[in-house]
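Close look at the chain arrangement
So the chains spell out like this:
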Amino acid sequence: MMIKESANKFLLASGEGPLYRELNGQEIGDEGKVCPLTHHNRLVLNRYFDYTVPSAFGKNTATIGLGDRLGIASPGHIEAIKNRDVKPILGQQSIRELTLTKRTMEDMIDTATFAVFQEGYKDGFGIDADHIKKEEDIKRSLELGVTMLTLDCSDYIQKDVESASKKQVQDEFAKLDVKLKKYYLNTYSNQVFSLKTRKIAVNEIDVMRNVLIYGKAVAYMIHVFNTYVRHLDRDFDFEISIDETEAITSPEAHFFVANELRKSQVEVTSLAPRFCGEFQKGIDYIGDIDQFEKELSEHVDIAKHFGYKLSIHSGSDKFSVFPIISKHTERILHIKTAGTSWLEALRVIANKNPSLYRKIHAYAEKNVEQALKYYHITPNFEAITPLEDTKDSMLSEYLNDDNARQLLHITYGLILTANRNESSLFKDEIYSMLSENEDVYREYLIKHIGKHVETLDL
Ligand SMILES: [Zn+2]
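No experiment lies behind these values; they were computed from the predicted model shown.

1. Things to note about the packing of helix 7 (residues 166-174) against helix 9 (residues 204-229)
When two helices pack together, their arrangement is given by the angle between the helix axes and the distance between those axes. Where helix 7 meets helix 9, the axes come as close as 9 Å, and the angle between the chain directions of the two elements is 60°. Judged by the twist between their axes, the crossing of helix 7 over helix 9 is left-handed. Contact residues: Lys166, Val169, Gln170, Glu172 and Phe173 in helix 7; Ile205, Met208, Arg209, Val211 and Leu212 in helix 9. Split by residue class, the contact of helix 7 with helix 9 holds six nonpolar, one polar and three charged.

2. Details of the UniProt feature "binding site: a divalent metal cation" (unreviewed entry) in the protein chain
With numbering matched to this structure, UniProt assigns "binding site: a divalent metal cation" (unreviewed entry) to His131, Lys281 and His313. Secondary-structure assignment places Lys281 in the loop between strand 12 (270-272) and helix 11 (289-306). Residue classification places Lys281 among the buried residues on the basis of a relative accessible area of 18%. Every residue in contact with Lys281, bar those within four places of it in the chain, is listed here: Ser314, Tyr375, Ile377, Gln406 and His409. Those residues in contact with His313, other than ones at most four positions away along the chain, are His131, Thr150, Glu239, Ser241, Asp243, Ala272, Phe279 and Lys336. Within the local environment of His313, its side chain forms a polar contact with the side chain of Ser311, the two groups lying 3.4 Å apart.

3. Observations concerning the domain arrangement of the protein chain
You can read the domains of the protein chain as domain 1 (1-48), domain 2 (153-337) and domain 3 (340-446). Taking only C-alpha atoms into account, the centre of domain 1 sits 34 Å from that of domain 3.

4. Points about the UniProt feature "active site" (unreviewed entry) in the protein chain
The UniProt feature table records "active site" (unreviewed entry) at Asp130 and Glu239. Annotated residues spanning 110 residues; largest pairwise C-alpha distance 9.1 Å, indicating a single compact cluster. With respect to the helices and strands, the residue Asp130 is situated in strand 7 (residues 126-132). Its relative accessible area of 4% is what places Asp130 among the buried residues. In contact with Asp130, not counting residues within four places along its chain, are Gln92, Gln93, Ser94, Ile95, Thr150 and Lys336. Within the fold, Glu239 resides in strand 11 (residues 237-241). Excluding anything up to four places from it in sequence, Glu239 contacts Met148, Leu149, Thr150, Leu151, Ser270, Ala272, Ser311, His313, His334 and Lys336. Side chain to side chain, Glu239 and Ser270 meet in a polar contact 2.6 Å long.

5. Some remarks on the sheet that holds strand 3 (residues 26-27)
Taken together, four strands build an open sheet; the order of strands is 1-2-4-3 and the sheet is antiparallel. The open sheet has two edge strands, strand 1 (2-5) and strand 3, and neither has a second partner. Here strand 2 (residues 8-13) runs beside strand 4 (residues 33-36); their pairing, made up of four bridges, is antiparallel. Within the sheet, the bridge partner assigned to Leu12 lies in strand 4 and is Val34.

6. Regarding the sheet that holds strand 5 (residues 63-66)
Taken in spatial order, the eight strands line up as 5-6-7-8-11-12-13-14 and close into a barrel, and their pairing is parallel. On average, adjacent strands in this sheet sit at an angle of 25° to one another, irrespective of strand direction. Note that strand 6 (residues 87-94) and strand 7 share five bridges and pair parallel. Paired with Gly91 across the two strands is Ile127, which belongs to strand 7. Here helix 6 (residues 135-144) sits on the sheet in contact with strand 7 and strand 8 (148-152), set at roughly 175° to strand 7.

7. Some details on helix 6
Taken together, the buried positions of helix 6 are occupied by Asp137, Ile138, Ser141, Leu142 and Leu144. Projected onto a plane normal to the axis of helix 6, the buried residues spread over an arc of 160° and lie on a single side. Facing away from the buried side of helix 6, by more than 90 degrees, are the exposed residues Glu136 and Glu143. Packing partners of the buried residues in helix 6 comprise helix 4 (95-101), helix 5 (105-119), strand 7, strand 8 and helix 9. Two residues or fewer past helix 6, Gly145 is found with a positive phi of approximately 95°.

Cut-offs and rules
Sequence order as written defines residue numbering, which begins from 1 separately in each chain. In keeping with the predicted nature of the model, local features appear solely for residues at pLDDT of at least 70, side-chain atom pairs appear and are counted solely at 80 or more, and the whole-chain, interface and lining totals rest on all residues. Note: side-chain values were computed over all heavy atoms of the structure, leaving out hydrogens and water. Between N-to-C directions, angles cover 0 to 180 degrees, with each direction set by a line fitted to C-alpha atoms, over the stretch in contact for helices. Counting from the N terminus, the helices are the DSSP runs of H or I reaching at least four residues and the strands are the DSSP runs of E reaching at least two. Definitions for this section: a left-handed crossing has its near helix turned counterclockwise from the far helix by less than a right angle. A right-handed crossing has that turn clockwise. Residues are treated as being in contact if the distance between any of their heavy atoms lies within 4.5 Å. We call Asp, Glu, Lys and Arg charged. Ala, Val, Leu, Ile, Met, Phe, Trp, Tyr, Cys and Pro are nonpolar, and the rest, Gly among them, are polar. UniProt positions are given in the numbering used here, feature names are shortened, and annotations may be inferred rather than shown by experiment. The buried label goes to any residue with under 20% of its type's maximum accessible area, the exposed label to any with over 50%, and the partly exposed label to all in between, with areas taken from a 1.4 Å probe on protein chains only. Pairs of N or O atoms within 3.5 Å make up the polar contacts considered here, provided that, within protein, one atom can donate a hydrogen while the other can accept it, and that residues adjacent in sequence are counted only when both atoms are side-chain atoms. Boundaries between domains were set according to an automatic or database domain assignment. Think of it this way: DSSP has to see at least two bridges between two strands before they count as a pair. The directions from the helix axis to the C-beta atoms are what the arc is built from.

Encoded structure:
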């Protein structure tokens, strides 16, 4: 069983036999052994309790990514989605997020596993190596047992083609290999592709543009699938992400990428396009909702045509478009959330420890410039009410203000790794605060993530 003593959790084991012997810990007389939540002990749990091993969910089950920057949110996440028509991807961090918080992928898998054990949750969970770019990271995360890979192809997606003139596009396309040019033009140019409820018509210049923008990215996707995923001897969720780019993914471009992948027999579980409007972190959708609905329905049709799930990145807090997403995807989708659970942690701190909250908030304001280079957001920081004008009892209102939410969202790495004289400025205090208020954090997450699955009708 899982036990907690002051801020620390342990496994308490008793009895004899191989499970007992394999767990590392300290024997306490005849009563058993107290075992810390180490990587070794996690692997032991995996060997004896099948439900603690992560699994893949495939193309026909809705999944929700529940990124947990702190490694303590999973119990609340599990409770929020329990008995719903959606499976949780409890571990979901990109290399960027792990680096910014000085955590490792092992740690991410360990904390998710211990949460599953603590909750006695037996309905299955996944682990996503999120926004992976480099082959060495792909290799390593597969060795560690992730069940999902989100391949970030943004380094291979050609920029500036979107805005290039027709002439420039033609000139660039002309430089390609003769056979390749012929293949692309024969396959796509002036063709009409029939989906279930609509047709996709592609003209010559679209073909050229899409080849120039996505050609290298598609080659990389095929390479990664063939090298690392195709021969895996276990079920696996392979997600393609083309969302972290300037260019909004047009239906023709989505079709082009998907069709090329199918021709190479790449098994895609989900694909994340870049939608119109803005999916900024931790706040509602910004943009024309009617336009979004129109384009979403086109993307859903393409995904259905090719038989994979549409994936919605930066999906947290997009409450105004959740009903639309639910309606068109018919509740078979993947949706990612992460930073919003960090913001709920800060809500706990705002309510329970105003002075710590004030220090964190001031630090975020002072250092936000540094964080802005990692995230594309457009808040108005000037509009945030000054701290000195806010009473303690009103601090948690910052977590209801979009500008402050974005400020606190993107500065998590700076806040968690800030040091003074070799000791952490906030991190230790944040963890001990949240440990003391474990039930409060859990309640907030159940409510907030619960609102997501509720609005998505999952
Ligand atoms: Zn993304």
